[in-house]
Structure formats: structure tokens, C-alpha cells
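Residue-level structure breakdown
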Amino acid sequence: MIKSVLIFNQLGKPRLIKFYEQIGTTLQQEILREIHALVAKRPDTQCNFLEGCRSMGTDSRIIYRHYATLYFVFVVDSSESELGILDLIQVFVEALDRMFENVCELDLIFHFDEIHYILMEVVEAGMVIETNLTEISRAVNEGKQLIKPATDHSRLGIGALRGFV
Amino acid sequence: MFEKSLTDLIQGLRANKRNEAEYIQKSLEEIQSEVQQSDMHCKSTAIDKLNYLHMLGYDTNWANFNAVEVMASPRFGEKRKGYLAAAQSFHQETDVLMLATNLIRKDLASSNAMEVSVALDGLAQVATPELATDLFDDVAAVLGHSRPFIRKRALVCLYRLVLKHPEGLHALAPQLRERLDDPDPSVVSSAVSVICELARTNPHNYLPLAPRLYQLMNSSTNNWMLIKIVKLFASLTPIEPRLAKKLHGPLSQLICSTSAMSLLYECIHTAVVGDIIGVPLPVTDNVGREIDFAELCARKLVFFYESADHNLRYVGLVTLGELQARRPELVVNQYETVLKCLDDPDLSIRMRALSVISGMATRRTLDRTVKRLMSQLILSNTIRLQPVASLPSVGSIEYGGKYNGSAADSDLMAMATDATGASLVSARGSIVQSRQLTGAGPGPADSPEYRLLVVEAIVDMCTRQSYGNLSNFEWYVAVLVDLVYTAGVDVGQLLSEKILDVTVRVRQVREFSVRLMRQMLSDRQLVGRATSGSSTAKVLCTAAYILGEYCSLLSANSEDIALLLPECFEKLDGEQQATFIQAAIKVYTNWLRDVAGYWSTEVWELVRAVTSSIISQLSDLLSARTGEGNALGGIVAVAELPLQVTSRLRHFVEITKAVSVATSNPSDNAPQLCLELHELFTAYELNPVSAAAQGKVPIPDGLDLDSPIGGPIPDTEHIMFPPPPPVSPESRPRGSQSGGGRKQRRSHKNEPFYLDGGNDAGHARSLAELPDVDDIPVVQLDLGGHGSEDAAKTRKKKKKSTKHGATKRERRNRVRTPSPPPAPVDIAGDEDMPDVSAPQPQPHSTPPAQH
């Protein structure tokens, strides 16, 4: 299963932290730092797998992708396929791209809750429930329809400026 | 009053980068009051902000109750925020969850599918045993929901509940089987994922599902699910061998037809690890030729590890390693490719290549592989190699010049000429310097984990199958010694075990090995680095043992004695000190025997001089050890260390004193003592003893190991404060004893020569008055009759097939009773030493214990 999904930038600033095991806040931050230290020093010409993450137990592998300023990291156990997870990260990022049109780090910063809701449609409690982009978008949009009236107030976020809703 | 929205908070954080902590503190205070408000919008916004702060590492558990309140909001957007907060920050001990049971139950039954979805996701994440028990049926009811995206969530949620509530598994199993036939592919995929997870702990239970999974594998086009099924079969085939034959067809078809690299890879992986390649059925490849399945996999695998894509290279090597373990003949011609991967800048790939290449080692390739690995260790960017003064004598004169075949050495020599043409040391030094000057960052070869793996791989390749890959043992010993200098990680224990092993087992290499050990011991810088517990100390300790044990193979040299009583002696731990002294005794007596062969007045003078210098050195050591005035030596140190060390020191003193007495007058002929002393140590040759040997010795009849020998042991109080002498009991009350006297008693407590007679007369006995070593009775026990027949038989077998010299069984069966004190030096405790001559792995054996 998937143990954790992390998104952080090159400096190690978290953009999304999701642990599918219940882990204390302090340890979560430690893991974030450890993985950032491991991943950030690897040039893009190296492979996207790292064996073993000290704070997450022996049966854990780090599988990541680097997009522009962001690292998308999945920590998984040995039951997951490395190449499969790489494809899954791609699916997740494409789903984000559909929601935000040319997704960039700022989108993730200001819509961190929506990133959670999109991830929720791909992975539930460490298990992948959907890999089909159309299905993922459909479910996310269904959620959006429900909250539309509630967010209809005068404040304009960046997303609203772009008219992404 | 206007509250900050989440966007405001984030913008504020970005505007206040300098005093972020202060800003967050202020915001937290605001949030604290906001969550108390009755307005749900305000409350939920506050919870959302807390979610963000939680991501930054702030503890938000104080707001758990408010999160539950927001979960109860009738508006979906707010409810979702509450569930997110719960999923992110709740833990098993969160007590407010008890309040949420009914709330979650209500949401699960909601007519709004999105609410059900959010509740399922949240529950899967926060489930506790109580929640799992209470809500299991509610979730199971949702499995029949009309929307597929609810059904798949419910499946996963049920799996998480089963983890907390194992009784639920009985209810879940039939549901899972049913969901495998679900019309929606995502639901089927989720069911497969859940089955995969469950089958990891108990694969037997899921064998009945194999036929349905097999159907799915043949019909589905969902690659994610296919990967899951293929991986699941890899764990099922070992427990149901008939599956392998079944899977042979569909797997080979998938391998030939799929265009998805991830699926292709998992198919090959499963074919290899599930041993489906072992099924003796041919496969038809793309162009219609019949081909062996294993060969097809091997060919397809080439695409991976020769790919330009690093990820494919990595996974390719992973599976190549698996294939190598099962069908080495298919991999052996890939040696060059893997060797190339060994120099990959990517550490992950390197480590994989290392494990493959170490499995590939043969007599033919060993030399090249070790050479490549050694050069990686030497050409490191940051680990400072230890430029060593005496290495040239090891390197250029004897071992380098003579053994140009040595991989490590020829590399070093090449560098020496490349750099300055000067000595090896300056060459090494300059390499280190130039690397540091160029400012190159740490390379893959600098990672301690990698270096450790490299050393282990080198040793493993050389020793595998009882040195089956080795053709030149001297080269191997030279490599081990080189590793002592270049490893840069703590491998002292491993290296010393291997050095000892090869020296004891392989008779031909002994002389060479002893010579290298002597050179290591005379390397002042190396010896200077030895401290108790350090990697170097362990190796030096073994070097000392070897030099002592086999010193007669070299021409005797009085300087060797000084090597074994080095300046760093005090820094070693007790066991190592004991080994050094024991070795020194052997070297000294060997030297005496040697000079006795050409005795003359000059020799007599030399013996006198050497002996007296040893005596003074030893008495210095002894007084430092036992002197009570020594503040640093301290009582504790004396109490812990001394038995094995001091007893040996005293032995040595006795021997030197005896020699000194025997040579007190000049004589034309060497005293008999000088000739005979060394016999004490060489009368019986020591051979490796199987670790199982002790177990084969039956306990003789009538020997009760449980009854104590002698009377009961007096309590410590009694020893430390012996009863006053009967002569004048009242004249010396306990309290009047001086602290120094007590300390002395305590310090003598463990010494075998000290008899607690109740008065101080015991201390006054001079060491010279103690029984001479020659007077110590030596009893020969014949254990031959004690039916260690089996052991003897196996030994005899070994003896027949022993390449390197015969063993003498009758010698082994005689045991000398140790002379008092009985303090054995255990050179390499539980060492694993397969017999060199045996083709199969032998029981564990240890090198001989030494008295």
C-alpha cells in the first residue's frame, strides 16, 4: 500500500502532506526533512527510486517525480510496483493540471485543501481507487458543484481570478 | 467582525517571511477564538486554517473537538473540511472520536453520495477498534450502493476496518468475491487491491479466488489492476505450484503483446520470482519462433537494464538479480553490461549492480570485479584515505612488486606513476589533495553504506564456496590488507575474521600472511590510530595473534617483540591486550630458540639486553595496571580488565625472569631453557574447530554440572572486609582499616595469585616466589574414548579431502589442562568458518581457542 504522499518544493517547504498511517506531527516533519534531503540532491538524470526511508520502517521505498519547482513523492511498501507508482504520479499531476490549467506551485499553495480532495479521489487510505483521469475529474467536479453556493462571496482568490471554477 | 480566510492566512504568511513564527502565533490565537464561535462558517474556516498550519508542523490536536463539530455541519463544503482535519490530525487516542460514531453513521446513510464518499474516506483514515466494531455493518451496507465510486470506497474502508476489527474478515471475504464480478472496472480494481493487501499476510486464504483473478488477467485492459494481479500471483505460485503452469500461457502472451513498460516489467518479475520460467513449455515470440520462456524473459530484460532511462535500468537490475539467483547461466554473459552499471553515478543503480555482479563472480571474472571495486574505494572524493608511512614497504617492495597481479595494488601502482612517480604514499596523498582542491562533491563511492556493501561484496565473492573462486590466495590476503587501509568504514571485525580464516585454513599462504601482518603492526600511523573498539584495533589484534602463532615461519627478530607491546597498548581493551601479550610471549620464546642455534658471547649479551628491557617494560605495565596510586587506572578498571591481562603479564614476567636467571653467567652453550621455552606453545598445532564440536562431547557419567565446585562462594562483603585475625580481634576493628588497604584488597580480588588469607602477608609474596611455569602440572586427558565418534568421523573425512595439509586427529583429541590461571583468549569468538576443503557449507567452526 501507499504509506504517504508528499509534495514539497526544492527548499523542502511542504505543499501537501498526507500520511495513511497515523503519525505524530513531529515525526511527519522529520520524515519530510529526511526525504527532502535524500531527494533534492539527486540530479534528474538519476533514477526516481530510493530504497529505504529511515523514519518509515524497513519496508518502504521512496518513489518520486520532479516537476519544475516541485517534488511529488510517494512512500510505498514492497507490494506496489515501482513503475506503476511512477505512472500514478503522472496521473495525479495530470488530474491537477486539468483542475488548475497549467498547474503551478502557487495553485498548490493557495488551494491546498483542493489538492487533498483531488488526491482523495485517487487514493483512499493508502489504496489506489481510481486511475482513470475522466473518472477522477468527474468526482472532483461533483464535489465542487456541491460547495459552489457556499463559496459565492465577495473574496476573490487567485483561482477565482482565473475563472477556474 | 471579519475573520481571515484561508487565502488571507496564506498571503499573510508569505508577506511575513521574516517573522513567520510570530505571525503564526498570532493567527493561532485568532483561530482559538474563532473555533469557539457558534457561526459554522467561521468555525469551519478556522479549522481549514488549522489544516494548513498542521501541514507546516504545528500541533492542532487541541481543536479536535471543534473538528468533530465541523464534521457535523449540514453543509457539504464545511463537513468536508471537518473530515479532512480529522484525517490529518486525529490519532488512535483521540477521545472525541467517541462522539463521532453516530455522526459518521448518519453520513454513511446520507442520500448525498458525496457525503457518503467523504465519510468513507474519513472513517478509513481514523478508524479505531471501537469505531470499526460499531460501524462495520453500516459500511458493509454501503457496498450495495448504486454509485460505483461509493462501492469502491466502501471496499477499501472495510479493509481498513478489518485491520482494527479482525472479526469482520469473515463478513468481508464473500463480499470481496462478489465485487470481483462488479460491472464497474474501478470497483473490481479496488477489490483486487484489497485482496492483494490481505493476501500478503495470509496467501493461503485467497487461493480459491485464483480462477476468477486468472479470468480477469486474461480479459482486463486496466494496467493498474493487471499489475496488481500479476504481483499477487507472484506470491501465490510458491504455495500452489500448479498455478505456474496455468500462468505460463497468459503471462508469456502479456510479455509479448503489452506496450506498457510497467506491466511488461511486472510480468517478467513475476515470471522470474514465481519460478514460472521453470515450466518446461515453449513460448512463441512475436515473429512466431518457439523459444524458451526463461530466455524470452532474459531477452526482454535486456531492454530494461540497457535502457537510457534510469528508472528502467534500475528495475531491470533488480530483476536481473532475481534471475541470476535462479538461472545463473542466463545472466553470465551480461557481465560486461553489469560491470558498466557499477560505475553509474546513481547510487541506487550501483547498489543493484553490485549485488548482481557479486553473484556473478567466477574464477575468471573475480580479478576484474575486485579491481574495479577497489578502484572505486580508492578514488573517493571525500573519504580521506589513510596515507601510511609503512605502506610502501607493504606495497612496493614485497607485496606490490612481487604480486603485480593484485588488483588493488596494480591500481595503486598505476596511480603512483600517474601522479608524481614518487612513492606510493605521496601518490595517494596527492590524489586525496587534488580531489579536494577540485572541490568535487561527494560521489556515490563516498556513501558509507555503499562502501560497506562494496567491502562485503569483495569478501563474499572471494570466500564463496570455500574460496572456490580464488586462484591466488596471496592476492586475496593482499586485498584484505588493502581494505584495512581503504575501506573507510567500520569493517574491522569482518576483515580480521577473514584474515584469520584464510591464514589458519590455507597453509600455503601463511608465511605471506604473517609477513603482511608484521608490516601492518610496524606501521606506526596505523597502530597509532588503534583505540579500544576501533576497526583498526580489531584488525591489529588479529595481526598480533597471527604473528605470534606463526612467528616461526619468519626469521626470528627481537624487534617483533616491541611491535607487540606498542605505545597504544593502554588504549586497547582487555581482550585485545591479552592477545598482544600472548603473541609477544610466543615471539620472544621463538626468538630465544632461534638465537640458541648460534649462541655466542654477543648473542648472550643481546639476550640479556632484550630480556631486561622486556622486564622493565612489563613491570611498567604491571604497576600501571595494579598500582593503587594510579588515579586514572582506578579501581573499576582494575576490577574489570585485569584477569586476562595481568595474568598474562605475570606469565611473561616469570618467563623473562627465568631466562634472566638462566643466562646470568656467560656460557658457551645456550641454556636448555632457551631452546625449550617455545615448545610450550608449539607442541600441538591448532586447527579450526567446528563450533558444533562441543555439543558432540557427551557429559561423562557421574559429572554433575549443577553442583557447585568447592564450598559456597563467600559474599562480597566478606571478601572485602575479611574477619579480623584471631590473634587480636579487638585491636583492629573494621572501621580502622585504611581506605587504601581496602582498595588494594578489592583490586586483588580477581587476581589468581592473591589468596585472601585475612592478613596482608599475602601481598608481600614476591612474584618470584610463585611456582615456576615449568612446575605447573600438565595432565593429558584421553577423550578418545568418550565417543565423539561422529565428530571424529567427519573430521577424518575432512582430513582426507584436505588440500592444504593434513590434520592430526590424535593431537586434537588430547587436551592440555590449562595452567592456572584459566583465562582463555578467545581470538575470534563466534566466527563462521566453513572448511576450506569441503565442497558444501560446513557447520560453523571457530578458530582454535588458545591457552
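Positions within a chain are numbered from 1, following the residues in the order the chain's sequence is written. Both sets of labels track the order of writing: A upward for chains, 1 upward for ligands. Selection of residues for local features in this predicted model requires a pLDDT of at least 70, selection of side-chain atom pairs for listing and counting requires 80 or more, and totals for whole chains, interfaces and linings are taken over all residues.

**Considering the overall build of chain A**
A helix here means a DSSP run of H or I that spans at least four residues, while a strand means a run of E at least two residues long, and both kinds are numbered starting from the N terminus. Counting its secondary structure elements, chain A contains six helices and seven strands. Starting at the N terminus and ending at the C terminus, chain A contains elements arranged as β-β-α-β-β-β-α-α-α-β-β-α-α. Neighbour counting defines burial: a residue surrounded by 20 or more other C-beta atoms within 10 Å of its own C-beta is buried, one with 12 or fewer is exposed, and intermediate counts give partly exposed, using backbone-placed C-beta atoms. A buried classification covers 43% of the 165 residues belonging to chain A. Residue pairs are scored as contacts if the distance between their C-beta atoms, which are placed from the backbone, is within 7 Å. Looking at chain A alone, contacts between residues at least 24 apart form 49% of all its contacts between residues at least 6 apart.

**Digging into the interface of chain B and chain A**
In this assembly, 49 residues from chain B lie in contact with 43 residues from chain A. Of all the elements, helix α11 (residues 185-201) of chain B adds the most residues to the side of chain B that touches chain A, at seven residues. Charged residues are taken to be Asp, Glu, Lys and Arg, nonpolar residues to be Ala, Val, Leu, Ile, Met, Phe, Trp, Tyr, Cys and Pro, and polar residues to be all remaining types, Gly included. In terms of residue class, the side of chain B that touches chain A is made up of 20 nonpolar, 16 polar and 13 charged.

**Concerning the sheet that holds strand β1 (residues 2-9) of chain A**
Within a beta sheet, neighbouring strands are joined by backbone hydrogen bonds and run either parallel or antiparallel to one another. All names here are of chain A. Here, a strand pair is defined by DSSP locating no fewer than two bridges between the strands. Spatial strand order, β2-β1-β5-β4-β3: five strands in an open sheet with antiparallel pairing. If you trace the sheet from one side to the other, it starts and ends with β2 (14-19) and β3 (49-51), each paired once. Strand after strand, the sheet turns through a mean of 15° between neighbouring axes, direction not considered. Alignment of β1 against β2, held across five bridges, turns out to be antiparallel. From the neighbouring strand, L6 faces β2, where its bridge partner is I17. In this description, a line fitted to the C-alpha atoms serves as the axis of each element, helices being fitted only across the stretch in contact, and the angle between N-to-C directions of two axes falls anywhere from 0 to 180 degrees.

**As for the pairing of strand β4 (residues 61-67) of chain A**
All names here are of chain A. For β3 and β4, the ladder comprises three bridges, and the chain directions are antiparallel. Within the sheet, the bridge partner assigned to E51 lies in β4 and is R61. The turn linking β4 back onto strand β5 (residues 70-76) is made up of two residues, and A68 within it adopts a positive phi angle of 45°.

**Quick word on the confidence of the model for chain B**
Residue and element names in this part refer to chain B. For chain B, per-residue confidence averages 76 on the pLDDT scale, and residues scoring 70 or more make up 73% of the total. Residue-level confidence of the predictor, termed pLDDT, takes values from 0 up to 100. This model gives residues 382-440 a pLDDT under 50, and the stretch forms 89 contacts once residues within four places in sequence are excluded. Predicted confidence is poor over residues 720-741, with pLDDT under 50, and the contacts of this stretch with residues over four places away or in other chains come to 13 contacts.

**Some remarks on helix α13 (residues 223-236) of chain B**
The length a helix should cover is 1.5 Å for every residue beyond the first. The end-to-end C-alpha separation of α13 of chain B is 20 Å, in line with the 20 Å expected for 14 residues at 1.5 Å each. The buried fraction of α13 of chain B is high, at 12 of 14 residues. For α13 of chain B, every residue scored as buried is listed here: W224, M225, L226, I227, K228, I229, V230, K231, L232, F233, A234 and L236 of chain B. Buried residues belonging to α13 of chain B abut α2 (82-100) and β7 (127-128) of chain A together with α11, α12 (210-219), α14 (242-257) and α15 (261-273) of chain B.

**Overview of unusual backbone geometry**
With the exception of glycine, most residues fall at negative phi, and the peptide bonds are largely trans. With a phi close to 45°, A68 of chain A is a non-glycine residue in the positive phi region. When you line up the elements, A68 of chain A lands in the loop between β4 and β5. Taking the number of C-beta atoms within 10 Å as the measure of exposure, A68 of chain A has 10 and is therefore exposed. Residues other than glycine seldom take positive phi values, yet Y467 of chain B does so here, at roughly 60°. Following the sequence through the fold, Y467 of chain B ends up in helix α25 (residues 448-467).

**Examining the packing of helix α6 (residues 101-108) of chain B against helix α7 (residues 113-126) of chain B**
Residues and elements named next belong to chain B. Two numbers describe how α6 lies on α7: the axes approach to 8 Å, and their chain directions differ by 140°. Taken together, α6 and α7 sit at an angle that is classed as oblique. Between α6, through I104, D107 and L108, and α7, the contact on the second element is made entirely by E115, V116, A119 and L123. Of the residues belonging to the contact of α6 with α7, the class tally is five nonpolar, no polar and two charged. Just so you know how the angles are binned, under 35 degrees is roughly parallel, over 145 roughly antiparallel, 65 to 115 roughly perpendicular, and the rest oblique.

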